[in-house]
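Observations on the three-dimensional arrangement
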Amino acid sequence: MTLLLQTLVSGLAAGVVYGLIALGFSLVYRTSRVINFAQGDLAVLAAYLAYTLRQLGWPVIVACVVGVLGTGVVAGILERLALRPLYRRPGAVAILCTVGLAIVLEACIRLIWGSLPLSLPSIASTSPWHLGGLAITPLQVSMFVVGLAIAVMVTLLIGRTRSGRAMRGCAQDPEVVVLFGVNVDALYFSSFVIGGLLAGVAGILIIPTLGLTPDIGLNLSVLGFSAAVLGGLGSIWGALAGGVLVGVITNVAAVYVSSSYASGFVYLIMAVILLVRVRGLFGDEIEAVREV
Amino acid sequence: MSAPSSAGSVSGDRIDGRHAIGAESGLVVEGVRVGYPGGPDVLRGVSLSVRPGELVVVLGRNGAGKTTLLRAISGLLPCRSGECRIGTASLRGMRAFRIARRGLAHVPEGRRVIPGMSVADNLRLGAFPIAHRRDVDDTLAEVLELFPSLRRTLSARAGTLSGGQQQMLAIARALMSRPRVLLLDEPLTGLAPVIQDDVMATLSRLRADERTILLVEQNAARSLAIADRGVVLVEGEVGLEGAASTLATDPRVKEGYLGIRPEDNQPNSS
Amino acid sequence: MTPDTSGLGVRRSWPHDLRLLWFVIGTVAVTVLAPVIVTGPNLLTFDLAVIYAIAAIGLNVIFGLGGLLSVAQAAVMAVGAYAVVLTLNRFHIAVLLALAIACVLGAVTSGLTGLIAIRIRSHYFILASVALAEGVVLVITNETKLTGGSNGVGFDGLPTVFGLDPSDPAQFVLIGVPLAGLVWYLAACLRESRLGVALHAVRSDDYLALASAIPASRCRLWATVIGGAFGGLAGGLLALLDGYIGPQSFGLTTAVLLLLMVVFGGASSNGGTVVAAIVLTALTQGLLTATKVGDLVYGVAIVLLLVFASGGLAGLARGAFEWGRRRGHRSKTGQST
Amino acid sequence: MTQGALSIDGLSVHFGGLQALRGVSAEITPGSVHGLLGPNGSGKTTLLNAVCGFVRSTGRVCLDGVSLTRAPAYVRARSGLLRTFQSPKLVPDLTVEELLRVGEHPRGFRPWWLVTALPLRDSRARKSGQQRALATLDLLGLDGSLLAVPIRDLSQGVLKMVDIARALMADPKVLLLDEPSSGMSEAEIARLRGHILELARRGTTLLLVEHNLPLVRAVCDRVTVLNLGEQLTSGPTADVLTRPEVVEAFLGVGADGSVPNAVQEQPGGGP
Amino acid sequence: GCGSSGSGTSASGSSSPIIVGLVQPYSGAESYYGKYADNAWTMAMAKYGSKIKGHPIKLVKGDSKCDPATAVSVAHKILAQKPVAIEAPDCSGDTLAMLPITTAKKVPLVSENLAPDITTKGSKYVWRVQASDAATNKLFAKYIVDQGHKSIGVINDTTSYGVANAATLVSGLAKSAVKPDVEATYDIAATDYSGQILKVKQANVEAAYFEGYDLQEGNLVKQARSLGLTMPIYGPTTASDGTFLKAAGDAAEGVVFATSFLPDWSSTATTFAKDWQDQFGYPPNMDSVGMYQAAVVTIKALQKAGPSATADDVNRAIKGLTVSGLPEGAVSFTSTGDLAHPLVMAGTWQGGATKLVKILAKPE
Ligand SMILES: Nc1ncnc2c1ncn2[C@@H]1O[C@H](COP(=O)(O)OP(=O)(O)OP(=O)(O)O)[C@@H](O)[C@H]1O
Ligand SMILES: Nc1ncnc2c1ncn2[C@@H]1O[C@H](COP(=O)(O)OP(=O)(O)OP(=O)(O)O)[C@@H](O)[C@H]1O
Ligand SMILES: CC(C)C[C@H](N)C(=O)O
Ligand SMILES: [Mg+2]
Ligand SMILES: [Mg+2]
């Protein structure tokens with residue numbers, strides 16, 4: 001029983017962070033229909049920026065916040081330079097371009113910071129509190145709290161507001177929303193920036209436990225993407241739920257099913273969920289409409 | 001059959017652009033040439049104007065360029081030459097969303113409701129330029145008065161509505177921003193006769209409210225019945241224009257420009 | 001308006017019998033000339049390009065024609081590659097027979113994505129295909145007894161095809177190029193066949209297809225099966241050329257590379273795909289010895305190509321021109337269409 | 001030709017809690033034009049969707065006495081039941097010719113021998129397909145040069161015509177037309193009327209959803225009026241259009257002629 | 001344009017260069033090994049000379065990405081430039097994949113890989129300069145059992161190296177009649193090991209053996225401790241590395257590892273470690289030392305064989321070579337190409353520094 005609880009706790013904490021990355025995916029998707037596979041590398045970038053600022057002697061929190069903001073800026077720049085010309089091309093083009101951006105980001109990080117792993121201090125301690133056999137670290141708690149807080153903020157920011165509506169409209173018919181005075185370019189831009197910020201926060205939270213190397217971005221992207229799809233692309237709470245689900249299933253599968261096939265098991269479950277709910281758990285928002 | 005552009009003037013009151021109207025929210029289109037990327041000019045120098053409180057109807061056969069004209073006015077397509085103005089302000093080079101924020105609303109061809117959003121959200125999206133929630137709610141109530149059948153479907157996704165219901169939504173949505181200038185592209189498409197009457201009545205009322213209305217319609221008789229003036233587009237040029245009453249009885253409208261003759265079966269394509 | 005079909009389907013073409021002749025002449029010419037013109041390690045690169053071209057043409061059937069953005073093609077190649085190595089090691093059958101088995105198994109694996117696609121669409125399908133791809137790699141990595149795990153496997157004895165040694169880059173040309181020519185020809189025929197035409201509709205809109213008496217899901221399934229057969233063949237050839245295979249070669253990186261080939265080729269144009277396969281293979285292979293900036297160059301190249309040439313390699317110049325014009329127009333015009 | 005008897009029996013459709021169609025029945029004799037009228041949202045399109053198998057329904061659909069009730073949509077189309085769309089399916093990257101060729105082979109779609117016969121195909125099939133496409137465009141009075149135009153370049157009205165052409169490519173026994181006249185200019189409507197009558201004369205059975213009353217009056221033998229998913233009434237055209245319940249629900253007061261819903265005084269008939 | 005780094009006849013005047021291949025992961029997750037190798041060669045050439053009778057040694061590098069099939073491509077590319085020797089990539093799987101090709105071309109492969117398979121495939125052209133895991137883990141397993149643990153849990157990754165490492169340890173344990181109560185594996189790309197760790201926790205074993213590449217090993221240990229695992233943890237040489245310490249942080253304290261390089265085992269090793277640290281700014285580990293030893297062996301063999309030697313000559317030169325005074329003692333080879341007298345030690349972390357616990361086997 002404690003084992004199960006322990007499994008759930010660690011799955012939950014990691015899951016919330018995946019959820020944040022997924023949230024970035026969803027946000028970008030719900031505005032532009034682009035799946036931004038550079039999300040994971042933006043998370044890594046934030047951690048590296050924070051690392052450098054730490055080396056310069058900045059306080060942890062300040063370094064982290066500035067690192068995250070810097071990542072937002074980079075996300076914005078990438079959107080303007082590389083993605084803006086692509087929105088009107090077939091969907092795969094923009095998606096592949098984000099993959100290209102991910103490769104560029106990783107390569108740049110490698111050139112700037114080298115490929116040797118660095119260590120980024122986490123914002124909270126990783127030595128566990130013991131609660132009756134259950135080990136919970138302050139970091140896990142802070143992951144959970146920060147993750148939820150940010151999800152709430154994002155929901156408030158775009159869930160029910162004018163710009164939230166404009167974003168959803170924009171994803172489905174960008175040409176028509178401009179007729180109502182929506183600045184589509186600005187919307188794309190800000191969704192990428194917010195996506196970058198979210199990825200940055202996720203990076204700052206989770207990378208201390210993964211180790212800071214240039215290459216973990218792809219893995220984070222795949223996890224975040226899976227979570228976003230599972231929760232239903234474009235859905236805010238879906239992203240978070242998807243993240244938690246991915247985190248928990250991975251852990252449960254490794255403990256109770258087979259460690260070597262744990263990730264395969266996760267994919268299997270995802271496939272089954274998708275077969276039952278073809279647009280993910282909460283994802284009927286954008287696409288489920290009559291087609292004739 | 002090609003229409004000489006000079007031969008068209010019926011009533012003699014050919015619009016001389018800027019001098020014709022003084023009011024601030026009149027719409028002036030002056031010699032615009034417009035085409036699609038990489039293609040030839042679709043509009044080859046079109047001029048027209050609509051005063052506030054006036055309803056002008058644009059007629060023309062399929063592919064004449066009516067939709068293209070409206071898209072050019074609302075900034076969806078760049079003008080290759082010529083310009084559009086609202087009042088005295090030139091729209092040249094202005095991006096579509098800014099034009100919309102200046103008080104222009106466009107009911108696009110083919111409805112274009114946002115399928116995944118609820119009807120209510122679609123309507124609120126139409127009110128995007130209006131910042132105050134209270135104002136939006138008020139407008140919403142008014143618009144729903146005009147289309148009572150939408151009220152029942154407020155929470156349904158727009159994409160599940162029937163074609164006609166979506167058309168109503170598209171019109172209602174454009175009204176949500178309380179536009180000064182209203183462009184409508186075949187708003188009667190797919191509407192049941194009763195509703196068509198309602199829409200026409202609504203347009204008359206809006207005109208009385210000093211709005212500037214440019215209506216594109218295929219149904220000449222019906223639209224000329226309520227319009228002040230009419231313009232017939234022929235292959236991207238103004239073929240005929242004049243007072244609605246004059247046009248309604250002008251045989252050239254039907255035979256020459258709208259092509260309503262059974263043996264005239266060479267439609268204008270590409 | 002010019003009838004620019006932008007690489008889609010029924011375009012002006014030669015009569016088929018003539019076209020077959022051209023394909024044969026082209027194939028023979030390339031087979032003979034390639035080893036003369038291309039030399040040294042570049043010949044290996046050429047061979048790899050031939051293999052990737054086959055896989056990419058297969059993916060082109062799935063994505064370009066069928067509209068399914070699949071990242072499972074690399075895994076399909078893996079199935080083909082392991083099929084060839086394992087069958088040849090276990091049963092002493094002809095290499096061509098092993099390649100045929102690779103085609104069949106590749107088709108079956110890829111067909112699974114087609115089955116998934118009956119229900120799961122658009123971006124959700126990407127995840128489903130990621131799942132399948134990861135599943136294949138996972139099985140290969142973990143079923144060590146069968147597949148050698150991450151050690152990979154090689155041939156117990158050197159296989160030969162009609163006395164040719166496929167692991168020799170020069171001799172491989174004689175095997176690979178004719179097969180690639182055949183695949184290209186089949187894909188070209190497919191495009192104009194009923195299935196090809198049907199796939200136009202299916203890719204665009206299910207209901208349009210159904211209303212035109214086209215069984216949409218079944219067509220999609222066929223597209224994945226046919227594309228998968230090509231992918232399996234490519235995998236088998238890769239095994240023959242390298243003489244050694246490991247699961248790492250068939251991961252997402254390869255899948256993305258294949259997709260890039262299709263997209264740069266100008267989705268659904270086979271000729272473009274082949275050119276893109278050659279260019280991208282040369283790029284990646286060339287960068288293997290540029291150890292410092294290889295990744296950076298690769299990434300930047302991808303982004304630049306996508307921004308400027310996503311309409312196909314031929315459209316590179318046009319893309320650059322339009323981009324410049326857009327920049328120029330930005331201040332003057334409204335929303336571009 | 002006496003094929004094409006369509007019988008619809010007790011069709012019901014619901015979407016979640018919404019009953020969009022409630023036991024609608026109709027018998028349509030071969031070679032006749034049957035009108036389907038009703039206010040917006042009354043279920044006309046849904047009826048077409050149910051008949052052609054796009055939405056799940058209860059009730060029966062028979063073509064020439066053969067039940068299609070359980071057949072999937074493409075099988076229904078293959079047996080000669082073709083339709084057009086209220087808003088034509090946009091397939092922006094196809095040309096008109098490609099779209100028409102999509103509609104070309106409804107009977108006997110056999111991937112298997114197709115695959116085996118692949119390399120043996122010659123250009124003759126393509127040529128004949130092109131000929132057919134040209135002929136069909138011509139039949140609808142469209143210009144042959146249209147073949148090479150990408151769908152995205154078409155204006156809305158022409159697009160509707162092309163959609164009808166696509167359905168005609170398949171030699172339909174029964175043709176379901178969903179508001180064909182909407183978005184068409186009056187010239188095209190006049191021509192459309194001729195085509196509908198001509199098709200009917202040649203034995204095609206038509207089910208026509210329309211809001212354009214003059215067109216309905218000119219071509220329909222019988223009409224069925226739907227309201228809120230239920231069959232309000234059904235009968236000979238002239239008769240039904242004057243019934244008070246129809247006037248109230250659908251036409252609006254004074255609809256019979258006094259509101260010029262379309263140009264009234266058109267010369268009747270077509271070719 | 002491949003081969004752009006090609007034939008390079010222009011280099012250094014009239015004397016043609018001697019080509020030596022260097023295949024390493026220069027990109028991807030394991031790319032830091034590429035950096036180790038570059039540094040190792042810099043140091044070896046500085047100490048033992050970068051010219052053979054006036055002919056410069058020219059390194060031709062290739063990026064194997066820690067992927068066997070890529071390694072094959074790279075091997076073809078490098079072989080096309082006619083090298084007289086190749087230093088094998090750090091990832092065992094890559095080396096295994098390249099081996100048939102280099103053997104066929106009779107080019108010696110100098111390897112510091114740990115997977116036992118490399119010298120058991122019958123190739124006469126491969127030379128291992130470090131203790132294989134078979135040698136190491138036979139002794140280390142016994143050492144673990146000697147600490148009094150009767151039950152143990154093993155976690156390893158699924159790379160060639162990881163699988164072989166765990167397998168040799170398990171067979172070593174079997175010699176002392178201990179069978180792991182729980183064995184779990186993870187994919188090298190995975191980042192969250194909670195599942196595997198909790199499985200070990202559930203089994204309630206007395207000790208744990210975690211295998212992983214340096215970074216993954218560190219994360220494993222760290223995640224294990226934060227999940228409340230308190231039993232002693234053992235690991236392979238990767239747990240002796242600076243990267244490991246960075247990743248594991250405080251959790252590194254007390255972890256016991258097997259390795260053949262520790263700075264404090266001999267004075268040569270101490271000096272070497274200091275020089276390395278001074279020159280490159282980070283401490284050497286067993287991999288970098290292995291690469292250094294491989295470089296030295298190669299240079300010595302080239303010197304012995306002379307500037308105009310063929311690859312086959314160089315191979316013959318390596319065969320009879322004994323190089324002493326290396327950080328891990330002396331290197332000479334068995335008939336199969338394995339290291340004749342391996343050095344095996346147990347070490348641990350104490351206050352953020354490694355400490356020699358026991359020398360389990362020693363050259364001479
Ligand atoms: N996206 C486009 N790209 C290129 N050409 C186009 C495009 N849209 C329309 N056209 C062409 O522009 C011309 C005018 O089209 P437009 O849509 O303005 O006609 P319309 O008068 O609105 O016709 P309809 O009554 O059928 O809607 C037509 O010849 C059409 O083929
Ligand atoms: N997929 C669906 N999900 C939910 N409701 C639907 C769906 N399809 C249709 N409806 C509803 O069914 C009703 C009938 O729609 P239908 O499209 O058949 O109307 P119609 O008679 O064709 O109207 P119109 O003349 O406006 O085209 C409408 O209220 C519509 O909202
Ligand atoms: C991580 C390293 C210890 C790998 C090792 N050099 C091997 O043989 O693969
Ligand atoms: Mg139009
Ligand atoms: Mg309808």
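An account of the accompanying structure is given in this report. These figures come from a predicted structure and were not determined experimentally. (Residues numbered from 1 in each chain as written. Chains lettered and ligands numbered in written order. Predicted model: local features only at pLDDT ≥ 70, side-chain atom pairs only at ≥ 80, totals over all residues. Heavy atoms only, no water.)

**Quick word on the coordination of the magnesium ion (ligand 4)**
Taken together, the protein ligands of the magnesium ion (ligand 4) are Thr67 of chain B (OG1) and Glu109 of chain B (OE), with distances of 1.8 to 2.2 Å. Remark: glutamate 109 of chain B occurs in the loop between β6 (104-107) and α4 (119-126) and threonine 67 of chain B occurs in helix α2 (residues 66-73); sequence separation between them is 42 residues. (Donors = N, O, S within 2.8 Å, 3.2 Å for Na, K, Ca; no water. Helix = DSSP H or I, 4+ residues; strand = E, 2+ residues; numbered from the N terminus.)

**Remarks on the site of ligand 2**
Looking at ligand 2, there are 20 residues lining it, with Ser162 and Gly164 of chain B together with Lys44, Thr45 and Thr46 of chain D nearest. Mapping the residues near ligand 2 onto chains gives chains A, B and D. Note that an oxygen atom of ligand 2 is positioned 2.9 Å from one of the side-chain N or O atoms of glutamine 86 of chain D. Interatomic distance of 3.4 Å between a side-chain N/O atom of glutamate 179 of chain D and an oxygen atom of ligand 2. Coverage of ligand 2 by the protein chains reaches 89% of its 630 Å² of free accessible surface. Along the lines of polarity and charge, the residues of the shell around ligand 2 split into 4 nonpolar, 13 polar and 3 charged. (Near = heavy atom within 4 Å. Polar contact = N/O pair within 3.5 Å; in protein donor to acceptor, adjacent residues only side chain to side chain. Areas by Shrake-Rupley, 256 points an atom, 1.4 Å probe, with all protein chains shown as cover. Nonpolar A, V, L, I, M, F, W, Y, C, P; charged D, E, K, R; others polar.)

**Description of the coordination of the magnesium ion (ligand 5)**
Residue and element names in this part refer to chain D. Summarising the metal site, the magnesium ion (ligand 5) is bound by the protein donors Thr45 (OG1) and Gln86 (OE1), whose distances to it range over 1.8 to 2.3 Å. Pair noted here: threonine 45 is in helix α1 (residues 44-52) and glutamine 86 is in the loop between β6 (81-83) and α3 (96-102), with a separation of 41 residues, a long-range link. Of the two residues, threonine 45 and glutamine 86, both sit in the buried class. (Buried < 20%, exposed > 50% of the residue type's maximum accessible area, 1.4 Å probe, protein only.)

**Notes on the pairing of strand β3 (residues 55-63) of chain E**
Residue and element names in this part refer to chain E. Across the 9 residues that make up β3, a large majority, 7, are buried. As paired elements, strand β1 (residues 18-24) and β3 share 7 bridges and run parallel to each other. In the sheet register, glutamine 24 faces β3, and the bridge partner there is aspartate 63. By the bridge criterion, 2 bridges tie strand β2 (residues 51-52) to β3 in an arrangement that is antiparallel. (Pairing = 2+ DSSP bridges.)

**Section: the nonpolar core**
Counting residues in hydrophobic clusters, the biggest one holds 346 residues, and the most contacted among them are Leu203 of chain B together with Leu237 of chain C. In terms of residue count, the dominant contributor to this core is helix α2 (residues 41-65) of chain C (17 residues). Look past the residues within four positions of leucine 237 of chain C in its chain and what remains in contact with it is Ile51, Ile54, Leu99, Phe172, Ile175 and Leu179 of chain C. Formed by 89 residues, the second largest nonpolar core is a distinct cluster that contains Ile188, Tyr193, Met291 and Ala294 of chain E. (Core = buried A, V, L, I, M, F, W, Y, C linked by side-chain atoms within 4.5 Å. Contact = heavy atoms within 4.5 Å.)

**So, the packing of aromatic side chains**
All chains considered together, the criterion is met by 27 aromatic pairs over all chains. Here the aromatic rings of phenylalanine 261 of chain E and phenylalanine 272 of chain E are separated by 6.2 Å at their centres, their planes lie at 85°, and the arrangement is edge-to-face. Placement of phenylalanine 261 of chain E in the loop between β11 (256-259) and α9 (267-280) and of phenylalanine 272 of chain E in helix α9 is noted, with a sequence separation of 11 residues between them. Summarising the burial analysis for this pair, phenylalanine 261 of chain E and phenylalanine 272 of chain E share the class buried. Ring-pair connections join several aromatic residues into one group, and the members of that group are Tyr32, Tyr33, Tyr36, Tyr161, Tyr213, Phe261, Phe272, Trp276, Phe280, Tyr282 and Tyr292 of chain E. A cation over an aromatic ring shows up here: arginine 162 of chain A above the ring of phenylalanine 128 of chain B, its NZ or CZ 4.6 Å from the ring centre. (Phe/Tyr/Trp six-rings, centres within 6.5 Å; stacked < 30°, edge-to-face > 60°. Lys NZ or Arg CZ within 6 Å of the ring centre and 35° of its normal.)

**Structural notes on the environment of valine 149 of chain D**
All names here are of chain D. Position of valine 149 among the secondary structure elements: in the loop between α5 (123-139) and α6 (156-168). Overall, valine 149 belongs to the buried group, its relative accessible area being 7%. A C-alpha to C-alpha distance of 9.8 Å links valine 149 and glutamate 98, two positions 51 residues apart in sequence.

**Quick word on the packing of helix α9 (residues 217-231) of chain A against helix α11 (residues 262-276) of chain A**
Residue and element names in this part refer to chain A. Between α9 and α11, whose axes approach to 10 Å, the crossing angle comes to 25°. Relative to α11, the element α9 is oriented roughly parallel. Crossing hand, α9 versus α11: left-handed. In this structure, α9 contributes Val222, Ser226, Val229 and Leu230 to the contact, and α11 contributes Tyr267, Met270, Ile273 and Leu274. By residue class, the composition of the contact of α9 with α11 is 7 nonpolar, 1 polar and no charged. (Axes fitted to C-alpha atoms, helices over the stretch in contact; angles between N-to-C directions. Parallel < 35°, antiparallel > 145°, perpendicular 65-115°, else oblique. Left-handed = near helix turned anticlockwise from the far one by under 90°.)

**Section: the side chain of serine 31 of chain E**
Mapped onto the secondary structure, serine 31 of chain E falls in the loop between β1 and α1 (32-48). The class for serine 31 of chain E is buried, based on a relative accessible area of 3%. Sequence-distant contacts of serine 31 of chain E, that is, excluding residues within four places in its chain, are made with Arg110 and Ser115 of chain A together with Pro25 and Tyr26 of chain E.

**Digging into a nonpolar patch on the surface**
All names here are of chain A. The grouping of Leu12, Trp129, Leu131, Val141, Phe144, Val145, Leu148, Val152, Leu156 and Trp237 at the surface amounts to a nonpolar patch, some 890 Å² of accessible area in total. Those elements that place two or more of their residues in the nonpolar patch are β1 (129-131) and α5 (138-159). In terms of residues, the nonpolar patch owes the most to one element, α5, which gives 6 residues. Assignment of secondary structure puts leucine 131 in strand β1. (Patch = residues over 30% accessible without salt bridge, like charges linked within 9 Å, V, L, I, M, F, W, Y side chains within 5 Å. Salt bridge = Lys/Arg side-chain N within 4 Å of Asp/Glu carboxyl O.)

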